[in-house]
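Each chain is listed here by its residues.
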Amino acid sequence: MKSNEIRASYLDFFHQRNHVIEKSDRIVPNNDPTLLFTSAGMVQFKHFYTGEVAVPYRRATTSQKCLRAGGKANDLDEVGKTSRHLTFFEMLGNFSFGDYFKREAIAWAWEYTREVLEFPEEKVIISVFHEDDEAAEIWEKEIGICPSRIVRLGAADNFWGPAGDTGACGPCSELLYDRGVDIDPAATLENDPNERFLEFWNLVFPQFDQQADGSRPPLKNRGIDTGMGLERIAAILQDKETVFDTDGIFPIIEATLALSSCSYEEKPVPCRVIADHARAITFMLADGILPSNEGRGYVFRRLLRRAARFGRELGLEKAFLHKVSMHVIDMMQEQYPELSQGRTRIEKTIQAEEERFAGALARGMDLLENLFDKMKSSGSTEVSGDELFKLHDTFGFPLDLAADVAEEQGYTVDKEGFEAAMRDQRDKARHAWTGSGQQTVASIYRTLESEHGSTEFVGYDNLTSEATVLAIIAGEKAVKALSEGESGEVLLNKTPFYAESGGQVGDTGFLKTEEVLLEVTTTLTRVGHSVLHQVKAVSGSLKVGDTVEAQVNEEKRRRTEGHHTATHLLQAALRQALGDHVQQAGSYVDSERLRFDFTHFESISLEKLQDIERSINENIRASLPVLVAFKDLDAARKEGAMALFGEKYDDVVRVVRTGDVSLELCGGCHVSNTGHIGFCKIVSDSAVAAGVRRIEAVCGAPSVDLLQERDRQFQSVIHTLSARPDEVEQRLQALLDDNKRLQKEVEKWKQAAATGGGKDFMSQVKDIQGVKTLILLLQDMDAKSLRVVLDQYKDKLGSGIIVLGGGGSGKVALTAGVTKDLTSKISAGDIVARLAPLVGGGGGGRPDMAQAGGKDLAKLPEAMKEAETIVAELLS
């Protein structure tokens, strides 16, 4: 069976047993801010087990894309070394939420294993939690498994969860495939160094609800959560030694080797790592993760750089991963259409990151050379583990490459120190991950959503509505009333207030009765489509059950609608001007402005930006109709509707069409005609992350305010310069040229002062341990002037040491120089490293020249007095 056939057979098997086939969730969990990545199939269902939300169905089955490359679940360091570990993989699963339990789960697992996969009975070993007599008895008495093939194991092996810090957990029973006694006759489940036994299915019996304090009360919806590794099943069925040799991964290895002159037999580990990491980074980008230096973006960058590093072992010095990622998309886009939708963006992002890494490697080589210079002067022969780790962590510099370069220079490397630093970093990262930044949802909100369901939203067509108060929350507790001066949240049965989502801010306005007035400061959802109105009671007392008039602030809503529709016109103009790789990476729209983040890999010229702005305003003046329709997701995509990458959509989606210019999936509020926007003015364009740019703009009345303020500023400049509008540029350029000429003259005077204005400091040279040393405090000189003095007196000394301190521009500047013949005895970098802390600063440099700054100008004279002692100690 091929991987696609296995996936289909599994989903079909459980669909026939009344399971709803649910779509894979994103790699970034939608409902759990404590998790770095979706690491198991049950993550999207966590709250179904705890009873915090209404359960839409009692049985489900999925093929879930999973990533275990950071946080609590991390298999990164095992990839390529074992036959089965992957960072990215697909997990097949069947789930029960308060429906069937152990008996059915075990029976169906055995039926699928024997009748669909056709595994020989004698090849399957069963493990159970050592206290779970019920599961052991079902396997033995009802399924008929020989007791010798049922193994009881402890909590480390057979107690699962939770996924994250809290949630469903319970004992589990694993199915393992015995790959043969010839692999290791002495192997047991507890001691299997040669991987004779391959776990392929884990049946988890969630019956406890792990709390933050460590307690485990019973779950409200006791159930079933199983996980089967698709790649592992493929390895068994296709009789492959490792998961990397299966039809789902090996073609990626072949695509990599086509770019190299190496063979798989020569370099199996690099091939496997590259294939796995290429799959991981491709899916991460498809799900909206972008490279950065923290959180999920840092994991992306680490995976890419690790794969690029292994590429060097295959002789792939230039960027290649973007080509490999295209093969990943070709293989998996049918199952995961988000891959093909982001194809160009994925390719360009990976290529840009690879090229960035090449630059980082070059900088790392420079730092390594500086390190060798220091070691030469100090007589050290081993590169420390801390220095190697710094190169690796900051620049992604490979340990093996550092070792090769060091060996060529005659040095050894402290690999054990490096590994210790790596372990420390992993431990810190595990403890440092405090969540995605999303707020953890209090249980009261899940309870209310479960009791009352979704709030009816009528705000697309109406800005006022009569509604009933279903609940009032204050301090994350349900209360019966809210009195004058108090703040809280109000849940209504229906509302015209738009809740913050899709980048659009929540509406503001009022809730009113004849006796009560509450100001709505914002509107949001915390669970599902249960809309909460954050309010402050202005007068009267609101009670649960009251009927209120909900009234949206119309002026703010209309302005927000204009800004939202303008983002659609902006995206269309960007794609037309820059290319189809442009996709939304984030947005924010309110009544005063819009902010639009998008994928692009270089700066945008002013001329191009003006073309984009011109295109937007042409479409505004054209008064294009803005039409809304609800369509099947697949039909909308076939029509070319733009989707937010990484977003998981329902089967039926809201489609917003703006003339023939734009077609997007969007749940936000819009003008009915682009002419209502009025005018759009781009305010700024900037880079916010690798491969992501941000445009900010204003529309309608705010754009008039902006243009009038800029006109006022321009009129002030005209008045100051006493120039006509058409003379301003010429007059400013003349002033800048004059300023530049005067700065050069000032610089000449500074240099004259720096060299003493004819004064010779050679009389102040001292002999320290047989070395000519010049230590000077030049109070009014800045770093640049000190460098002039340094260069002049190094020539005059011929052989010696110079230490200079200055306080020009109110800042401490330190400079030290050592002539080449003495760098083996003393390093200028060591001198400033000792001096700088005395003035509250830091710095460094080469053995022959180093600079530092400082904050405490008052301590400079005392520090310069210490310079002589420091030089003497370093020479001794």
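Nothing here was measured: the structure is a model prediction, and the numbers come from that model.

Draft legend 1. Fine view of the overall build of the chain. Looking only at helices and strands, the chain has 24 helices and 38 strands in total. Each principal axis of the C-alpha atoms in the chain carries an extent, and together these give about 100 × 80 × 55 Å. Taken over 876 residues, the chain has a buried fraction of 51%. Taking the contacts inside the chain whose residues are at least 6 apart along the sequence as the reference set, 69% of them involve residues at least 24 apart. Total accessible area computed for the chain in this model is approximately 39800 Å², and 47% of it derives from carbon and sulfur atoms. Positive and negative charge centroids in the chain, built from 103 and 135 side chains respectively, lie 4 Å apart.

Draft legend 2. Representation of the pairing of strand S37 (residues 842-845) in the model. Where S37 lies against strand S38 (residues 849-854), four bridges are found, and the strand directions are antiparallel. Bridged to Gly-845 within S38 is Ala-850. Two successive antiparallel strands, S37 and S38, enclose a turn made up of three residues.

Draft legend 3. Broad picture of unusual backbone geometry. For Asn-18, which is not glycine, the phi dihedral falls at a positive 65°. For Asn-18, the location among the structural elements is in the loop between helix H1 (3-15) and strand S1 (20-21). Even without being glycine, Glu-476 reaches a positive phi, approximately 60°. Topologically, Glu-476 is positioned in the loop between strand S16 (464-474) and strand S17 (477-479).

Draft legend 4. View of the packing of helix H8 (residues 268-286) against helix H10 (residues 321-332). Here H8 crosses H10 at 75°, and the two axes come no closer than 9 Å. It follows from the interaxial angle that H8 and H10 lie roughly perpendicular. Contacts from Ile-274, Ala-278, Arg-279, Thr-282 and Phe-283 in H8 reach Leu-321, Val-324, Ser-325, Val-328, Ile-329 and Met-332 in H10. When grouped by side-chain class, the residues that make up the contact of H8 with H10 number eight nonpolar, two polar and one charged.

Draft legend 5. Up close: the sheet that holds strand S30 (residues 662-665). Reading across from one edge, S28-S29-S30 is the order of the three strands in this open sheet, with antiparallel pairing throughout. Single-partner strands in this sheet number two, and they are strand S28 (626-632) and S30. Taking the axes of each pair of neighbouring strands and ignoring which way they run, one obtains an average angle of 25° across the sheet. In the sheet, strand S29 (residues 652-658) pairs with S30 via four bridges, with the strands oriented antiparallel. Within S30, the position partnered with Val-655 by the bridge is Leu-665. Along the sheet face, helix H17 (residues 554-578) touches S28, S29 and S30 and points at about 115° away from the line of S30.

Draft legend 6. Layout of the sheet that holds strand S31 (residues 680-689). Pairing is antiparallel in the open sheet, where four strands are placed in the order S26-S27-S32-S31. Here the strands that pair on one side only, and so sit at the sheet edges, are strand S26 (584-589) and S31. This sheet shows a mean twist of 15° between the axes of neighbouring strands, independent of strand direction. Direction of pairing for strand S27 (residues 594-599) relative to strand S32 (residues 692-699): antiparallel, over a ladder of six bridges. Paired with Phe-596 across the bridge in S32 is Ile-695. Across the sheet, helix H18 (residues 606-621) is in contact with S31 and S32; its angle to S31 comes to roughly 135°.

Draft legend 7. Summary view of the pattern of salt bridges. Counting across every chain of the model gives 45 salt bridges. The shortest N-O distance in the salt bridge between Arg-152 and Asp-133 comes to 2.9 Å. With Arg-152 in strand S7 (residues 150-153) and Asp-133 in helix H4 (residues 133-143), this residue pair connects regions lying 19 residues apart in the sequence. Close ionic contact of Arg-731 with Glu-727 constitutes a salt bridge, the shortest N to O distance being 3.9 Å. A residue is classified by how much of its surface remains accessible, and Arg-731, at 32% relative accessible area, is partly exposed. Beyond isolated ion pairs, a larger network of salt bridges with shared partners links Asp-507, Glu-554, Arg-557, Arg-558 and Glu-561.

Draft legend 8. Spatial organisation of the packing of aromatic side chains. This model, assessed by the stated rule, comprises 30 aromatic pairs. On the basis of an interplanar angle of 80° and a centroid distance of 6.0 Å, the ring pair of Phe-48 and Tyr-57 is categorised as edge-to-face. The exposure class assigned to Phe-48 is buried, which follows from its relative accessible area of 13%. Pairwise contacts between aromatic rings join Tyr-10, Phe-13, Phe-14, Tyr-100, Trp-108, Tyr-112 and Trp-201 into one cluster. The ring of Phe-101 is capped by Arg-222, whose NZ or CZ atom sits 3.8 Å from the centre of that ring. In this structure, Arg-526 is placed above the aromatic ring of Tyr-445, and the distance from its NZ or CZ to the ring centre is 4.8 Å.

Draft legend 9. Structural detail: the pairing of S26. Sheet topology note: the S26/S27 ladder contains five bridges and is antiparallel. Along S27, the bridge assignment pairs Gln-584 with Phe-598. Linking two consecutive strands that pair antiparallel, namely S26 and S27, is a turn of four residues.

Reading the values: rules and limits
Residues numbered from 1 in each chain as written. Predicted model: local features only at pLDDT ≥ 70, side-chain atom pairs only at ≥ 80, totals over all residues. Heavy atoms only, no water. Helix = DSSP H or I, 4+ residues; strand = E, 2+ residues; numbered from the N terminus. Buried < 20%, exposed > 50% of the residue type's maximum accessible area, 1.4 Å probe, protein only. Contact = heavy atoms within 4.5 Å. Areas by Shrake-Rupley, 256 points an atom, 1.4 Å probe, with all protein chains shown as cover. Lys, Arg positive; Asp, Glu negative; His and termini not counted. Charge placed at Lys NZ, Arg CZ, Asp CG, Glu CD. Pairing = 2+ DSSP bridges. Axes fitted to C-alpha atoms, helices over the stretch in contact; angles between N-to-C directions. Parallel < 35°, antiparallel > 145°, perpendicular 65-115°, else oblique. Nonpolar A, V, L, I, M, F, W, Y, C, P; charged D, E, K, R; others polar. Salt bridge = Lys/Arg side-chain N within 4 Å of Asp/Glu carboxyl O. Phe/Tyr/Trp six-rings, centres within 6.5 Å; stacked < 30°, edge-to-face > 60°. Lys NZ or Arg CZ within 6 Å of the ring centre and 35° of its normal.

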